Amino acid sequence: MRILVTGGAGFLGSHLCDRLLADGNEVVCLDNLFTGSKANIAHLATNTNFEFVRHDIIDPFKYEVDQIYNLACPASPPHYQYNPIKTTKTSVMGAINCLGLAKRVRARVFQASTSEVYGDPAVHPQPESYWGNVNPIGKRSCYDEGKRCAETLFFDYHRENKVDIRVVRIFNTYGPRMHPNDGRVVSNFIVQALKGENITIYGDGQQTRSFCYVDDLIEGFIRLMDQTETVGPINIGNPGEFTMLELAENVLKITKSKSKIVHKPLPSDDPRQRKPDITLAKKYLKWEPKVPLAEGLKRTITYFKTKV
Ligand code: NAD
Ligand code: UDP
C-alpha cells in the first residue's frame, strides 16, 4: 500500500514509518519539522519506498494513498503551549485536511488522539466510554480540546460521509527518538540523570502516569488500522501505573546516577492520575503491551547515552 504519515519525522511517526516500510509499504512522510527532525528519518533517505515532504497540515495537500495516519501535532506540554493557537489549528484543520483527502481518495484514515481527552479524570482507570473532565480554558486546553474536536470531526465525517476512520487514544509513550529537550517526564529524568543534574519532580511526585514502550504502541496502531471490527476510539497504553517519584527512582537505579531529586511547582491542570482500561484493545485487537517499564527504560537510556 501507499501510506501517508503526517508527523512522520517525530518520535512516534518515525517509528511508524520504519514499521510500515518493514512491512513492505510505500510511505509518504509529511512534516513541518516543528518538533520532529530529519535526523529521525535520516536512515530512510536512501529507501526508494520512502518520501519526505516538508509541509504544514493546516494547509491542504493531495496524495493518492490507500491509508493515512494523522500524527502531526506537538505532544509535549512545553511544545504545544509554545504557540497554543497554532496547536489548536494543527489538530482541527489538520484533521479536516486529512479527512477531506481520505474522503476524496477513499483512504482509511487514522487519528492519533490522546488520553488527554479524559483531562483530570474522575474515573479510574479510564475506559473509552468515559467522557472526561477537561478544563476548556486552561493552558492544556489548546491540546486537549483540539484533540477532542478532531475526534468529533472524525466521527462526523464517518457518519455523514462514510469515511473509513480509526481513532486511537494514546497514553504516555516513551522510547528512543524522544526529543532530549522536549520537556516530557521520561526524557527529562533520563537526560538529567545521565548529566548528573537535579531530577525535577513537579509537585509532590504522587501524581501517576502509565508508560507504554514505543514498539508496543506501534504494534497496537497497526492492529487497529488493519482490522474492520471497530473504528474506535480505542485506548492503547500500558496499564502499569507509577507515581513520578517511582519513575525517578527507577531512572536513578538503572542509570546508577548520583543526581538529587528536587521539587518544582506543579503546572496548572496537571492530571493527578492516568491509567488506561485496555479491555477493548484486548478484545478487538488481541493487543496488550509486552515491554515492562524497567526494560523499556533500559533501552531508552541506551539511546540517550548516545545523545547527551
Ligand atoms: P512529536 O512532537 O515527536 O511528533 C509530532 C510531529 O508532528 C513532529 O514531527 C512535528 O514536527 C510534526 N508537526 C507538528 N505540527 C505540525 C504541522 N502543523 N504540520 C505538519 N507537521 C507537524 O510527538 P509524538 O510523541 O511523536 O506524538 C505524535 C502524535 O501522537 C501526536 O499527534 C500526539 O498528540 C500523539 N500522542 C502522543 C503521545 C505520546 O506519549 N508520545 C501521547 C498521546 C498522543
Ligand atoms: N513532570 C515532572 N518533571 C518533569 C516533567 C514532567 O514531574 O521534569 C510531571 C508532570 O507534571 C506530569 C507528569 O510528569 O505530572 C507527566 O508529564 P509529561 O509532560 O511527560 O506528560 P503529560 O502531563 O502530558 O501526561
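In short, a report on the structure. Remember, it's a predicted structure, so these values are computed and weren't measured experimentally. (Residues numbered from 1 in each chain as written. Chains lettered and ligands numbered in written order. Predicted model: local features only at pLDDT ≥ 70, side-chain atom pairs only at ≥ 80, totals over all residues. Heavy atoms only, no water.)

1. Examining the overall build of the protein chain
Counting secondary structure elements, the protein chain contains 10 helices and 13 strands. Whereas a compact globule of 308 residues would reach a radius of gyration of roughly 19 Å, the protein chain reaches 18 Å, a difference of no more than 12%. For the C-alpha atoms alone, the extent of the protein chain along its principal axes is close to 55 × 45 × 40 Å. Here the protein chain, with 308 residues, has 55% of them falling under the buried criterion. Restricting to contacts in the protein chain with at least 6 residues of sequence separation, those with at least 24 account for 81%. Within the structure as shown, the protein chain displays about 13,600 Å² of accessible surface, and the carbon and sulfur contribution to it stands at 51%. Positive and negative side-chain charges of the protein chain, numbering 40 and 34 respectively, have mean locations separated by a distance of 3 Å. (Helix = DSSP H or I, 4+ residues; strand = E, 2+ residues; numbered from the N terminus. Rg over C-alpha atoms; globule rule 2.2 N^0.38 Å. Buried < 20%, exposed > 50% of the residue type's maximum accessible area, 1.4 Å probe, protein only. Contact = heavy atoms within 4.5 Å. Areas by Shrake-Rupley, 256 points an atom, 1.4 Å probe, with all protein chains shown as cover. Lys, Arg positive; Asp, Glu negative; His and termini not counted. Charge placed at Lys NZ, Arg CZ, Asp CG, Glu CD.)

2. Section: helix 1 (residues 11–22)
Here helix 1 is 12 residues long and its end C-alpha atoms lie 17 Å apart, about the 16 Å a rise of 1.5 Å per residue gives. Most of helix 1 sits inside the fold, with 9 of its 12 residues counted as buried. Restricting attention to buried positions, one finds in helix 1 the residues Phe11, Leu12, Gly13, Ser14, His15, Leu16, Cys17, Leu20 and Leu21. Following helix 1 by one or two positions, Gly24 has its phi on the positive side, about 95°. (Expected span 1.5 Å × (residues − 1).)

3. Let's talk about the layout of surface pockets
In this structure, the second largest pocket encloses a volume near 210 Å³. Surrounding the second largest pocket, Val117, Tyr118, Glu128, Ser129, Tyr130, Trp131, Arg148, Glu151, Thr152, Arg169 and Pro233 form its lining. Top element by residues in the lining of the second largest pocket is helix 5 (residues 141–161). It accounts for 3 residues. By residue class, the composition of the lining of the second largest pocket is 5 nonpolar, 2 polar and 4 charged. (1 Å grid on protein atoms, 1.4 Å probe; cavity = no way out; pocket = protein on both sides within 12 Å on 5 of 7 lines; lining within 4 Å. Points joined across faces, edges and corners; volume = space filled by probe spheres on them. Nonpolar A, V, L, I, M, F, W, Y, C, P; charged D, E, K, R; others polar.)

4. Some words on the site of ligand 1
The environment of ligand 1 is made up of 29 residues, and the closest members are Leu12, Asp31, Thr35, Tyr143 and Lys147. Between a nitrogen atom of ligand 1 and a main-chain N or O atom of Ile57, the distance comes to 3.0 Å. The contact in question runs from a nitrogen atom of ligand 1 to an N or O atom on the side chain of Arg184, over 2.9 Å. Those elements that place two or more of their residues in the shell around ligand 1 are helix 1, strand 5 (108–114) and helix 5. (Near = heavy atom within 4 Å. Polar contact = N/O pair within 3.5 Å; in protein donor to acceptor, adjacent residues only side chain to side chain.)

5. A word on the environment of His55
In this structure, His55 sits in the loop between strand 3 (50–54) and strand 4 (67–70). For the pair His55 and Leu101, spaced 46 residues apart in sequence, the C-alpha separation works out to 15 Å. For His55, the contacting residues outside a window of four places in its chain are Leu30, Asp31, Asn32, Pro60 and Phe61. A polar side-chain atom of His55 sits 3.4 Å from the main-chain carbonyl oxygen of Pro60.

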